[in-house]
Amino acid sequence: MQIVQDYYNYWICIALMMVGLYGVIAKTNLVKKAISLGLFQTGILVFYITIAKIEGGTGPVTVSPLAGEPIYSNPLPHALMLTAIVVGVSTLAVAMALIINIREKYGTIDEHDIHRMEHEMQD
Amino acid sequence: MSHETTVLLAMGVPLAGTALIVALGRWPNLRETATMITALVTFALVASLLPAVMAGQQIEAGLGLSIIPGVPIAFRVEPLGMVYALVATLLWIPNSVYAVGYMRGNQEHHQTRFFACFPVAIASAVGIAFSKNIFTMFLFYEILTFSTVPLVTHKGNSDAMRSGRVYLGVLLTSSVCLQLLAVLWIYSLYRQGDIAGIDFVRGGLFESAVSTGAVTPAVFGLLFFLYIYGLGKAAIMPMHKWLPAAMVAPTPVSAFLHAVAVVKAGVFCVVKIVVYVFGVDTLRATGQSAWLVYAAGGTILIASLIALFQDNLKKRLAYSTISQLSYVVLGAALLTPISIMAATVHIIAHAFGKITLFFAAGSVYVAAHKTQVSQLDGIGRRMPWTMGAFTIGALSMIGVPPLVGFVSKWTLLRGVTEGVALGGSRIEETFALVVIVLSTLLNAGYFLPIVYRAFFRPPSREDEHHPHGESPAPMVFALCTTAGLTVLFFVWPKAVLSLGAAVMEAAT
Amino acid sequence: MDFVHQHLPALVVALPLVTGLVTAMVGRRGAGWWIAMGSSAAVFALCAQLLANVAGGGSQSVTYLLGNWPIPYGIGLVVDPLNAAVLATVALIGCVVTLYARRSMAQEVPEDRSHFFWALWQFCQVGLLGITITGDAFNFYVLLEISSLSTYTLIAMGKGRDRRALTAAINYLVIGSIGACFYLLGVAYLYMVTGSLNMADIHARLQDIFATWGTDAPVYRKTVIAGFAFIMVGLSLKLALFPLHLWLPNAYTYAPAAVTALLASTATKVGAYGFIRVIYTVVGPDFAWRYLHSDYILMICAMMAILGGSLMAIRQVNVKKLLAYSSIGQIGYIALGIASDNVYGLQAAIIHIFNHALTKGAMFMAVGCVLYRVGGVRLEHLRGLGRKMPLTMAAFTIGGLGLIGVPMTAGFVSKWYLVGGTLERGWMGAAGVVLVGSVLALVYTWRCIESIYFGKREEGAPEVREAPLSMLVPTLLLAVASLYFGMDSRLTSDISAQAAHFLLGVRP
């Protein structure tokens, strides 16, 4: 139990990523697949944030010179994750655009149906 | 003109010839003239090197390409290579004459492509002959394979395509998977400093490496095995499948490439690597080549037996070629100076005999449209020149005096006795002796019935309604020339034997 | 000019990024191609200059500080012999394919979308060039995503011809994103233990960590191993290393012809570069190979890729898919070179990155020409095109011979080094697999060649002409280049030797 408590933030990351990965693999609905992918990415975002956080640390902003030397959390991963969020959003946007197109061309967004249709086409 | 230039020109001229032939494709007469001139000039160039080589002069040349930096494409003319180059370029002349008659007599398609591929094959044959290191040899060996594929698939029907696949499949698989591996392995031994180089040298590359243990006998033996079977053109069973398949090609291709240039490239390379890469003495000391005597002997017997049952004339000749090629391999495998000489002489003897036989077969096909042995009853009366030449070729193959085939077989027997003298009575020598005797009988068994049919059986009823005479004059001229040379070399064996002796001298 | 020289590394990435944005904004009515062409030509000139600088400056790596922020705080762009070579390859291919893409794209992408196409086209190259030049692990991820995101969209633009382009794109999107996430996760682990994102800095700090592993108190062992594993899996997905290749065949098959040519010759090559970079300059071969022994895993994957990819290629009837599977096999060659951990093997990997880019680029472009004129690329569409589109088909054939590794083509040089490297490593089996792979390549190439040169076009099939000049010239350019680098490999050998020595930290 101790290991769960001590590292609960890591467990959350793992849980998020696994749920996401499961969705990517198991869901046949393309939209659900894309959302699962987003979930997976979120897991990694949280992971980065969690490794940067120091207990009791604050943001790297000098509040008052009199307060002494405060403990800062590492700001770099936070900044990195802003970029990663942008990447994630773009990925999701591209995925959605593709799915809309697939819906137009195939009339469905279910992978099984699409596979069945493609199977009948010649190479 | 310096010798160096001559060596390079001997390959450059045929390639230029190809360009000329393609350019003149629209005017058949000019195109054929270009072929003839190229053939004559190439032969003259190669022959002009002969006196210097016989005098023991070192002739070297190089090509400025660096395909792999540090591995030069280099040439060195030595007697063994000279023999092969001479045979290939000399026989190209009658073959060109013959091909013109054949292609026109048969009204074949794509004649320009046909005539354009020949000189490339010749250039690569000369390249193999004069190669100075194993890389150069491999390079030209591969070019020879590719340049002859369009000739095999010439007809373009599904039969020809299937044969083309077998041809390319066997030759390329063996050369890439086995020969290239051996070449690279030897090269990597050289890079690690275990052996002194990858150039062909007298006594072989491994003499000191094996004696000091830098290269273990097992690795040495494995390399030898890879190399021998990597030379698929030598058609040692089970690598022989491509040769019968190649018989779908027009007869000038079968006659010249698949009785002379390509197959001799295979056995020539076998002799060359036995002598200059692995070394006769090293092989004898390690005993790693004993299996080759059996492989060659087995090929001789099995191929002869198969030939007995072939009704298709060209197929029968093809299996005969497979068996005759292994005589050369056998000569190399016996590892004595005289057996090496015998191998050399047999390269010459078989080339002249077999090309005559193929010429005759093609001549029968053009004049009478016959391809099977069983159709040949009485044909000798209608085509006396063709069948006369055929008889001479056949007798030479069997090894009957006064023909050059006898000279080579006799030398091979001398090689066997010398082997006994050198190494005590080994079981290999006994086996070789038995093989030579048996195969002579088999040779007679599959050649003489053809001669008998042609001259002593009455023509069939059906034939009388289809009168025909001899084939076109160029073909008759060509096959009489090669038959004449077969006789000449017996009358004047010094020509052949002195070359063989020079090879023996240089090799051991 | 001084400004350009000073900021060369930054310009390589910044220039196409800016022109790409400009294209998206103002690139309507045909201006898109002109901007893209100008930008890629300029980038090629810049990359050539970088390569010349590196080649002249000895085996040094030069770091460019973005915004003058000192390493490891800012992002550094690094130019060393390895990535200068890859940059030049990517830029060269980008330039040639852009030239080609004008006509082929006009046929496949609606005109009102063309400016987006050209913008994405340039962003894709921004990503690829950026991945290659960056010295920062996180920046690598961002650029990886830039190239991937534009690639997904470019592939999807093939929907006009075949709707399967869309599903191929989304498949690639899902797999590619997971791969990128894995990479990101791996970087997080390394960041946890080193506190740095700069590759060189990570390397230096890891050495201190590795030093403790031999003692009783090893630190961060599991973290480093897990991070390395995640990065490798992520990059393998991008590289399409067997068995993570599943996205590749459909993506290549249904993407517009020019996009396929670009991806096949650059995207996977950059993935391979990432592999080399991470293994040799971030974690170091001592950790990856000699501590974890992951070279054996890579070797096994590579061997499976060679055999699996080639065997799948043999079964295809769609030539684009056939070539896609062949690419999977060729990636195996590169991976095997990386795994063999010696100068020769690494040289093989680097040379093959370049040679295969030329070869496959030429082939995919030739196939694109067929698609443009004939409208389909199944084997039956190729029949008889040897006469109708002789130059295009010559380029295709040269490429095919290169895949087999016939001497005098670039593929042979790669194969020579690769087999040399594996033999030096003592991996006999792998050397054998490489050679067997050549034979398999012969089988699938030969199927195409038979159709092209010996097949007959159907009666009444519409007349086809040679491809338009603007497509033909770039295709032939790459084909001729692949011949040239097969005959004179001094340039590629020298540069790759320099890079390999640099990576292994040995003096030449």
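Residues numbered from 1 in each chain as written. Chains lettered and ligands numbered in written order. Predicted model: local features only at pLDDT ≥ 70, side-chain atom pairs only at ≥ 80, totals over all residues. Heavy atoms only, no water.

A. Quick peek at the overall build of chain A. The secondary structure content of chain A amounts to 5 helices and 0 strands. Since a compact globule built from 123 residues should have a radius of gyration of about 14 Å, the 21 Å found for chain A marks it as more spread out than a globular shape. Dimensions of chain A, computed from C-alpha atoms along their principal axes, come out at roughly 75 × 35 × 20 Å. For chain A, with 123 residues in total, the buried portion stands at 33%. By sequence separation, contacts in chain A at least 24 residues apart represent 51% of the contacts at least 6 residues apart. Total accessible area on chain A stands at roughly 7,500 Å², and carbon and sulfur atoms take up 67% of it. Looking at chain A, you have 7 positive and 10 negative side-chain charges, and the mean spots of the two groups are 7 Å apart. (Helix = DSSP H or I, 4+ residues; strand = E, 2+ residues; numbered from the N terminus. Rg over C-alpha atoms; globule rule 2.2 N^0.38 Å. Buried < 20%, exposed > 50% of the residue type's maximum accessible area, 1.4 Å probe, protein only. Contact = heavy atoms within 4.5 Å. Areas by Shrake-Rupley, 256 points an atom, 1.4 Å probe, with all protein chains shown as cover. Lys, Arg positive; Asp, Glu negative; His and termini not counted. Charge placed at Lys NZ, Arg CZ, Asp CG, Glu CD.)

B. Just the nonpolar core, in detail. Counting residues in hydrophobic clusters, the biggest one holds 431 residues, and the most contacted among them are Phe130 and Phe206 of chain B together with Trp416 of chain C. With 21 residues, helix H11 (residues 251-278) of chain B is the single largest residue contributor to this core. Ignoring sequence-local partners within four residues, the contact set of Trp416 of chain C consists of Ile68, Val71, Phe135, Leu180, Val183, Leu184 and Tyr187 of chain B together with Tyr344 of chain C. (Core = buried A, V, L, I, M, F, W, Y, C linked by side-chain atoms within 4.5 Å.)

C. Highlighting the pairing of strand S2 (residues 76-79) of chain C. Residue and element names in this part refer to chain C. Going residue by residue along S2, you find Gly76 and Val78 tucked away on one face and Leu77 and Val79 tucked away on the opposite face as well. Pairing of strand S1 (residues 62-65) with S2 involves 4 bridges; the strand directions are antiparallel. Each bridged residue has a counterpart across the sheet, and for Val62 the counterpart in S2 is Val79. (Pairing = 2+ DSSP bridges.)

D. Quick look at the pattern of salt bridges. Within the structure shown, the criterion is met by 24 salt bridges over all chains. When the shortest N-O distance is used, the salt bridge between Asp113 of chain A and Arg116 of chain A registers 3.4 Å. Of this pair, Asp113 of chain A and Arg116 of chain A both sit in helix H5 (residues 111-120), 3 residues apart, roughly one helical turn. Among the salt bridges present, the one from Glu78 of chain B reaches Lys272 of chain B, with a minimum N-O distance of 3.7 Å. Here Glu78 of chain B is found in the loop between strand S2 (71-77) and helix H4 (79-106), whereas its partner Lys272 of chain B is found in helix H11, with 194 residues between them in sequence. For the pair formed by Glu78 of chain B and Lys272 of chain B, the shared burial category is buried. Look at the salt bridges and you will find they share partners, linking Glu60, Arg76, Lys132 and Asp199 of chain B into a network. (Salt bridge = Lys/Arg side-chain N within 4 Å of Asp/Glu carboxyl O.)

E. The packing of helix H3 (residues 31-56) of chain C against helix H4 (residues 81-108) of chain C, seen in detail. Residue and element names in this part refer to chain C. Where H3 contacts H4, the axes come no closer than 8 Å and their chain directions differ by 155 degrees. Looking at the two axes, H3 sits roughly antiparallel to H4. Judged by the sense of rotation from one axis to the other, the crossing of H3 with H4 is left-handed. Each of Trp33, Ala36, Met37, Ser40, Ala41, Val43, Phe44, Cys47, Leu50, Leu51 and Val54 in H3 lies in contact with H4, whose residues at this interface are Pro81, Ala84, Ala85, Leu87, Ala88, Ala91, Leu92, Gly94, Cys95, Thr98, Leu99 and Arg102. Among the residues making up the contact of H3 with H4, the classes are represented as 19 nonpolar, 3 polar and 1 charged. (Axes fitted to C-alpha atoms, helices over the stretch in contact; angles between N-to-C directions. Parallel < 35°, antiparallel > 145°, perpendicular 65-115°, else oblique. Left-handed = near helix turned anticlockwise from the far one by under 90°. Nonpolar A, V, L, I, M, F, W, Y, C, P; charged D, E, K, R; others polar.)

F. Structural context of unusual backbone geometry. Omega for the peptide link from Met237 of chain B to Pro238 of chain B comes to 5 degrees, which places this bond in the cis form. Unlike most non-glycine residues, Ala235 of chain B shows phi in positive territory, near 55 degrees. Of note, Ala235 of chain B is situated in the loop between helix H9 (217-230) and helix H10 (242-245). For Met408 of chain C, which is not glycine, the phi torsion reads 80 degrees and is therefore positive. Structurally, Met408 of chain C can be placed in the loop between helix H18 (390-404) and helix H19 (410-425).

G. Fine view of the side chain of Thr42 of chain B. All names here are of chain B. If you trace the backbone, Thr42 turns up in helix H2 (residues 28-48). Residue Thr42 is classed as buried on the basis of its relative accessible area of 0%. A distance of 2.5 Å separates the side chain of Thr42 from the backbone oxygen of Thr38, its partner in a polar contact. Residues contacting Thr42, with those up to four places away along its chain left out, are Ala10, Val13, Pro14, Thr89, Trp92 and Ile122. (Polar contact = N/O pair within 3.5 Å; in protein donor to acceptor, adjacent residues only side chain to side chain.)

H. Region of the structure containing helix H5 (residues 114-133) of chain C. The end-to-end C-alpha distance of H5 of chain C is 29 Å, a good match for the 28 Å that 20 residues give at a rise of 1.5 Å each. Of all the 20 residues making up H5 of chain C, 19 are buried; the element is thus mostly covered by neighbouring parts of the structure. (Expected span 1.5 Å × (residues − 1).)

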